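Structure at a glance
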Amino acid sequence: MTHHCHAIGCEVPVDPVFLMCPPHWGRVPLPLRRAVWNHYREGQCDDKQPSSEWMIAAERAIVAVAVAEKKLTPAQGQARVEREIALFAP
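Below: a short report on this structure. (Residues numbered from 1 in each chain as written. Predicted model: local features only at pLDDT ≥ 70, side-chain atom pairs only at ≥ 80, totals over all residues. Heavy atoms only, no water.)

Some points on the packing of helix 3 (residues 52-68) against helix 4 (residues 74-87)
For clarity, the threshold we go by: An axis is simply a line fitted to the C-alpha atoms; with a helix, the fit covers only the stretch in contact. Between two such axes, the angle follows the N-to-C directions and lies from 0 to 180 degrees. The way it works is that DSSP assigns letters per residue, a run of H or I at least four long becomes a helix, a run of E at least two long becomes a strand, and they are numbered from the N terminus. Each angle gets one of four labels, with under 35 degrees taken as roughly parallel, over 145 as roughly antiparallel, 65 to 115 as roughly perpendicular, and the rest as oblique. A contact between two residues is defined here by any heavy atoms of the two lying within 4.5 Å. Ten residues, namely Ala, Val, Leu, Ile, Met, Phe, Trp, Tyr, Cys and Pro, are considered nonpolar, four, namely Asp, Glu, Lys and Arg, are considered charged, and the remaining ones, Gly among them, are considered polar.
Here helix 3 crosses helix 4 at 170 degrees, and the two axes come no closer than 9 Å. Here helix 4 runs roughly antiparallel to helix 3, going by the angle between their axes. Mapping the contact onto sequence places M55, I56, E59, R60, I62, V63 and V67 in helix 3 and P74, G77, R80, V81, E84 and I85 in helix 4. Classifying every residue of the contact of helix 3 with helix 4 by side-chain character gives eight nonpolar, one polar and four charged.

Concerning unusual backbone geometry
Here is the rule we go by: Between buried and exposed lies partly exposed: a residue is buried under 20% and exposed over 50% of the maximum accessible area for its type, with that area taken using a 1.4 Å probe on protein chains only.
Located in the positive-phi region is K70, a residue other than glycine, with phi close to 60 degrees. Take K70: it is sitting in the loop between helix 3 and helix 4. Overall, the relative accessible area of 74% leaves K70 in the exposed class.

Quick notes on the nonpolar core
Which entries qualify depends on this criterion: The definition of a nonpolar core used throughout is a set of buried Ala, Val, Leu, Ile, Met, Phe, Trp, Tyr and Cys residues joined through side-chain atoms within 4.5 Å.
Counting residues in each nonpolar core, the largest one holds 17 residues, and the members touching the most others are C5, L19, M20 and V36. It is helix 3 that provides the largest number of residues to this core, a total of six residues. Among all residues touching L19, those that are not within four sequence positions of it are H4, C5, H6, W25, V36, W54, A58, A61 and I62.

Overview of the side chain of H24
Summarising the element assignment, H24 is placed in helix 1 (residues 22-25). Classification of H24 by relative accessible area gives buried; the value is 11%. Excluding residues that lie within four positions of it along the chain, H24 makes contacts with C5, A7, C10, V65 and E69.

The structure is reproduced here in structure tokens:
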């Protein structure tokens, strides 16, 4: 299975352990990068069961890049993050 960068509109193939290609990952603010790695667990792409914390952190990272690239407005980005959080609410 080929994995691709999760940045909006990017189709660059990446190793499954990476969320984004290096140019896009470099645009993610450091605290958001740390959150993604803090919640990463080995094999999460293989068994298709990433943690909810990772999913939320990943969405925040994706949104940060999309807003920086003006592919989403800050309000649209915030709405995407809120939808992701709602998916995992008890």
